[in-house]
Amino acid sequence: MVASGVTGRTRPTKVKKQANVQKRKRDDVDVEKLDEAVGELDPKNGSYKDFTDLPLSDPTKQGLKSSHFAVMTDVQAKAIPLALKGHDILGAAKTGSGKTLSFLIPVLENLYRLQHVGTDAGLGALILAPTRELAIQIFDVLCKIGKHGHMFAAGLLIGGKSLESERQALVRMNIVVATPGRMLQHLSQTAAFSVDDLKMLVLDEADRILDMGFQRDVDAIIEYLPKERQTLLFSATQSRKVSDLARLSLQDPEYVSVHAEDKSATPKGLTQNYIVCPLEEKLDTLWSFIQASKKSKILCFFSSAKVVRFVYESFRHMQPGIPLLHIHGRQKQGARLDTTAKFSASKNSCLFATDVAARGLDFPAVDFVIQVDCPDDVDTYIHRVGRTARYNREGRGVLFLAPTEEEGMLKRLEAKKVPVEVINVRQKKRQSIKEQLQNMCFKDPALKYLGQKAFMTHVKSIYLQKDKEVFKLKEYDLEAYAASLGLPGTPRIKFMKGDDTKQRKQASRQTIEVSDASETDDESTKQTKTVRTKYDRMFERQNQDVLADHYKKLVRDGSEEGVSASANDFTGDGAAAAGDDDDFMAIKRRIPADSDGDDDEDFGATADADGSAVPGGRLVRLAGASQPIVIDSNRREKLLKSKKKLLQFMDKGKRLVYDDDGNPHEVYELENEADFRARGLPEEQRKKFIEAARQVVEEADVDDKAAAKAKRKEKIQKRKEKERAKAEGGDGGAEVEDGGEDPLANFIADAESSGEEEEVAVEKPKEKKQKKWFQSDSEDDDHNSKKRKKSKTARQVVEQPETLEDMEALAAGLLG
């Protein structure tokens, strides 16, 4: 016998496995006491400083104690009591003031008091964040506080992870932290995911989520959620628009703003400065700043991902002596997580980032926030600079402003209570890296291409800015900026073609080509030519053997036909004679472009009467083109051999449309506004048009009535003739050609013909079924004989066999 209390296991039972039972409502929780204590809270008149002053559950108290949270911040002291009592909240507080705990503690406590635990309870709280990094940070804080006794199932839904694994786990979740895009994807595609019992909705960085970028996603998510819920909105720059609050279905929200009366919208420990720095000197200033602050933790913000990549790659090659990191929205999720983890853990490093890292992220002990590119607005500035000086610590923010941006941006910062002081850069410590960047771009084509993309995206970001008082694109020196990036020339930008973009778009290609072709040696025409193609630059080079004069003579003489030029131009005086046998490559025959031969007729080129009338070239007139072509280069001579390219110089014909009568008309085009106004007021033109249309309709109506009257008379006359023929006797109706229609006669004839067709259809034998491709005639005969036999046997009455002979006879009959 085994002693009582002793099992047959040789190893001790693990305590964790015994405790890992199914999550369900706990019996040891005194919910009534917590409800009474929460009901006694007085958020408006009461003063709460520590977390112990609030009626919180034991698991939450243990989580706060283990994370060393004891004293509440101002926003926490005002928002948490209101949220515990179930109020909707609009919370606005400075960056780094502890807004995350202001909604995480009410989420845990309200669901704890409702005992919203277990798989059958469903989703109880939904927390939305604008970026993946912020969602991960919120989820980490939730796990730290809730892992000491809370039995909720919490999940994280962000892009860049497996969708199928999230679907399997999502059914069991009680609290979900998500980004709007991935949350909407699960709501619309995951069938088992239900949000009908949702109790709380939290929007962190609510003003960013309610922006145009997430507006559609948030509206679609809210349609899935129940209207009876508690909604909490928190941000450093809160939106109080009535339209936004109506979309979220807030019910009497409490506005919590602890820093509304402060003189500054940024933390007290933050020192804010700005530098007036031209666009082409920003990288030099940034490099010099990094060299002077190698033992600091620096966060630099740029306008686009391409600029971040270019600055990171180029600075990394120059080895500044400090670890460099970069983060932007085009990276994969794993790389972004590694970057944030490395930067958080490091003491001395520099992180280049876009605005993806501007909101909510808590990087510990950041010394400097450098805004190399001017932010879109003041809200973006506040969120960027809020990555330092968090939780009453000290930090410093530096803003680089171009001279054209200074005045407008300072006005907007002053209006939002942001104190900024100007500082100057010591020119002795400022280093220029322009030559180093040029050398790197020359050696590395990939870096050069990345620099061109960075230039284009940065200029495009300026071009798309809404605040045109701050961002004046025409006043930037873009050529100098391109040179500061190490680029050999300014890249072409499609959207920057001046104010005459519409006229250039509507101009014909013929006029554009002719204007490019008619370039002469005059100084005036040289000044008008602003854009040179890569072929023009290529043919100007004279230091390469491939394009030297002697090589051009060789490749031009032997093979090209249809090119008009004298023999002396390419082969010298000795090659001009047709019968010179001493030369290795002598010209035997030359067909000039101005001859009347058959080759000229192929491409329609005719020469000018006076020959080479243009200095440095010659004029060639095309049949069907009003403007001549100037042939002054090798490339333009090749145009005469291509019919397809010569079509570009032909005059455009008129498009014609044909009406019903076959008469040609030109395509209708809209009238010019000036011509339209010259013809009078719109109301008068409308009356004239209606009057003209009425006259046309009246004339057509008279013609239609006359035609209908004539047709009616013709019908009556034919009917009388038919009746007269019937009255004279016999079947006289057959002798008269009846062009009209008698409805009664037609009905009777149709009824008789349909009756005959039905009778014929009954008597008509069945058509023979068409044979398949694999059936032969013998198979068809066997099939017919079997049918006949079956019909015979079906008619015969089968009697029950009584003897053995009867059974044999029956079997023989069946076997045929």
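This one's a predicted model, so the numbers in the text were calculated from it and none came from an experiment.

Turning next to a negative patch on the surface. Residues Glu698, Glu699, Asp703 and Asp704 make up a contiguous surface patch of negative charge. One can find Asp703 in helix H30 (residues 682-728). Residue classification places Asp703 among the exposed residues on the basis of a relative accessible area of 53%.

This part is about the pattern of salt bridges. Charged atoms that come close allow side chains of opposite charge to pair. As enumerated under the stated definition, the model contains 21 salt bridges in all. The partner of Arg182 in a salt bridge is Glu166, and the shortest N-O contact between them spans 2.8 Å. Linking Arg182 in helix H8 (residues 180-189) with Glu166 in helix H7 (residues 163-170), this pair joins segments that are 16 residues apart in sequence. Overall, the relative accessible area of 10% leaves Arg182 in the buried class. Residue classification places Glu166 among the buried residues on the basis of a relative accessible area of 9%. Across the pair Asp379 and Lys416 runs a salt bridge whose closest N-O atoms are separated by 3.1 Å. You can see Asp379 sitting in helix H15 (residues 378-385) and its partner Lys416 sitting in the loop between helix H16 (403-415) and strand E14 (421-422), a full 37 residues away along the chain. Given a relative accessible area of 22%, Asp379 falls into the partly exposed group. In this structure, a network of salt bridges that share partners links the residues Glu205, Asp207 and Arg359.

Take the side chain of Asp373 next. Along the chain, the position of Asp373 falls in the loop between strand E12 (368-371) and H15. The buried charged residue Asp373 lacks any salt bridge partner; its closest oppositely charged side chain belongs to Lys282, at an N-O distance of 4.1 Å. Within the structure, the side chain of Asp373 is placed 2.8 Å from the backbone nitrogen of Ser303, a separation counted as a polar contact. If near-sequence neighbours (up to four positions away) are discounted, Asp373 is found in contact with Lys282, Phe301, Phe302, Ser303, Val307, Arg384 and His458.

In this sheet, strand E4 (residues 175-178) lies alongside strand E3 (residues 154-157) in parallel orientation, the contact comprising four bridges. Across the sheet, residue Leu156 finds its bridge partner in E4, namely Val177. Of the crossover connections in this fold, the one passing from E3 over H7 to the parallel E4 is right-handed.

Turning to the sheet that holds E12, a few remarks are in order. Spatial ordering of the open sheet is given by E10-E11-E9-E12-E13-E8-E14, a layout of seven strands whose pairing is parallel. Both edges of this open sheet fall to strand E10 (324-327) and E14, since each of them pairs with a single strand only. With five bridges connecting them, strand E9 (residues 297-301) and strand E11 (residues 349-353) associate as parallel partners. From the neighbouring strand, Phe301 faces E11, where its bridge partner is Ala353.

Bringing the sheet that holds strand E6 (residues 230-235) into the picture now. One open sheet accounts for seven strands, arranged E3-E4-E2-E5-E6-E1-E7; its pairing is parallel. Of all the strands in the sheet, just E3 and strand E7 (254-257) have a single pairing partner and so form its edges. Mean inter-strand twist for the sheet, computed between neighbouring axes without regard to direction, equals 15°. Sheet topology places strand E1 (residues 89-92) next to E7; four bridges connect them, and they run parallel. Note on E7: the bridge partner recorded for Leu90 is Tyr255. Packed on one face of the sheet, helix H6 (residues 132-146) meets strand E2 (125-128), E3, E4 and strand E5 (200-204) and runs near 170° to E3.

Moving on, we get to the confidence of the model for the protein. When pLDDT is averaged along the protein, the result is 78, and 72% of the positions lie at 70 or above. Segment residues 518-529 is flagged for pLDDT under 50; beyond a separation of four residues in sequence, or across chains, it makes nine contacts in the model. Note on residues 550-584: pLDDT under 50 across the span, and 43 contacts to partners over four residues away in sequence or across chains.

Quick look at the environment of Val308 now. For Val308, the location among the structural elements is in helix H13 (residues 305-318). Here the alpha-carbon distance between Val308 and Ala353, two residues 45 residues apart in the chain, equals 6.3 Å. Not counting the four nearest positions on each side in its chain, Val308 is found in contact with Phe302, His326, Ile327, His328, Phe352, Ala353 and Thr354.

Right, let's talk about the environment of Ala178 for a bit. As for its placement among the helices and strands, Ala178 is situated in strand E4. Residue Ala178 is classed as buried on the basis of its relative accessible area, which comes to 0%.

What describes two packed helices is the angle between their axes and the distance between those same axes. Look at helix H17 (residues 434-443) against helix H18 (residues 445-463): their axes get within 5 Å of each other, and the N-to-C directions meet at 115°. Of H18, the residues touching H17 (which contributes Met440, Cys441 and Lys443) are Pro445, Leu447 and Lys448. Counted by class, the contact of H17 with H18 contains four nonpolar, no polar and two charged residues.

It is worth spelling out unusual backbone geometry at this point. Where the residue is not glycine, phi is negative for most of them; where a peptide bond is considered, it is trans in most cases. Despite not being glycine, His68 has its phi angle at roughly 65°, a positive value. Structurally, His68 can be placed in the loop between helix H3 (58-66) and helix H4 (74-84). Looking at His68, the relative accessible area reads 71%, which means it is exposed. Even without glycine at this site, Asp252 takes up a positive phi of about 45°. Here Asp252 lies in the loop between helix H11 (242-247) and E7.

Here we come to the packing of aromatic side chains. Evaluation of the coordinates by the stated rule reveals seven aromatic pairs. Ring geometry for Phe103 against Phe234: centres 5.7 Å apart, planes inclined by 45°, an arrangement best described as tilted. Of this pair, Phe103 sits in helix H5 (residues 99-114) while Phe234 sits in strand E6, placing them 131 residues apart in sequence. One exposure class covers both Phe103 and Phe234, and it is buried. Arranged with centres 5.1 Å apart and planes meeting at 85°, the rings of Phe343 and Phe363 form a pair that is edge-to-face. Taken as a pair, Phe343 in helix H14 (residues 333-345) and Phe363 in the loop between E11 and E12 lie far apart in primary sequence, 20 residues in all. When sorted by exposure, Phe343 lands in the same class as Phe363, which is buried. Chaining the aromatic ring pairs together yields one cluster made of Trp287, Phe302, Phe315 and Phe352.

All right, on to helix H10 (residues 215-224) then. When H10 is considered as a whole, its buried residues turn out to be Val218, Ile221 and Ile222. Taken down its axis, H10 places every buried residue within 100° of arc, on the same side. Seen from the open side of H10, the exposed residues pointing more than 90 degrees away from its buried face are Arg216 and Glu223.

A separate point is the nonpolar core. By size, the foremost hydrophobic cluster in this structure holds 62 residues, and its most contacted members are Ile175 and Leu299. Counting contributing residues per domain, this core is built from domain 1 (28-257) and domain 2 (273-485), each supplying no fewer than three. Not counting chain neighbours up to four residues away, the residues in contact with Ile175 comprise Val107, Leu108, Leu111, Leu123, Ala125, Ile127, Leu142, Phe152, Ala153, Ala154 and Gly155. Judged by nonpolar contacts, the second largest core, of 61 residues, contains Leu270, Leu324, Tyr381 and Ile433.

Where burial is concerned, most of H4 is hidden: nine out of the 11 residues are buried. Residues of H4 that are buried: Val75, Gln76, Ala77, Ala79, Ile80, Pro81, Leu82, Ala83 and Leu84.

A few words on the pairing of E5. Most of E5 sits inside the fold, with five of its five residues counted as buried. Here E5 shows a buried face lined by Met200, Val202 and Asp204 and a second buried face lined by Leu201 and Leu203. As paired strands, E2 and E5 are joined by four bridges and run parallel to one another. For Ile127, the partnering residue across the bridge sits in E5 and is Val202. Relative to E6, E5 runs parallel, the two sharing five bridges. Paired with Val202 across the strands is Leu232, a residue of E6.

Definitions and cut-offs
Residues numbered from 1 in each chain as written. Predicted model: local features only at pLDDT ≥ 70, side-chain atom pairs only at ≥ 80, totals over all residues. Heavy atoms only, no water. Patch = residues over 30% accessible without salt bridge, like charges linked within 9 Å, V, L, I, M, F, W, Y side chains within 5 Å. Areas by Shrake-Rupley, 256 points an atom, 1.4 Å probe, with all protein chains shown as cover. Salt bridge = Lys/Arg side-chain N within 4 Å of Asp/Glu carboxyl O. Lys, Arg positive; Asp, Glu negative; His and termini not counted. Charge placed at Lys NZ, Arg CZ, Asp CG, Glu CD. Helix = DSSP H or I, 4+ residues; strand = E, 2+ residues; numbered from the N terminus. Buried < 20%, exposed > 50% of the residue type's maximum accessible area, 1.4 Å probe, protein only. Polar contact = N/O pair within 3.5 Å; in protein donor to acceptor, adjacent residues only side chain to side chain. Contact = heavy atoms within 4.5 Å. Pairing = 2+ DSSP bridges. Right-handed = clockwise from strand over helix to strand, strands pointing away. Axes fitted to C-alpha atoms, helices over the stretch in contact; angles between N-to-C directions. pLDDT = per-residue confidence, 0-100. Nonpolar A, V, L, I, M, F, W, Y, C, P; charged D, E, K, R; others polar. Phe/Tyr/Trp six-rings, centres within 6.5 Å; stacked < 30°, edge-to-face > 60°. Arc of directions from axis to C-beta. Core = buried A, V, L, I, M, F, W, Y, C linked by side-chain atoms within 4.5 Å. Domains from an automatic or database assignment.

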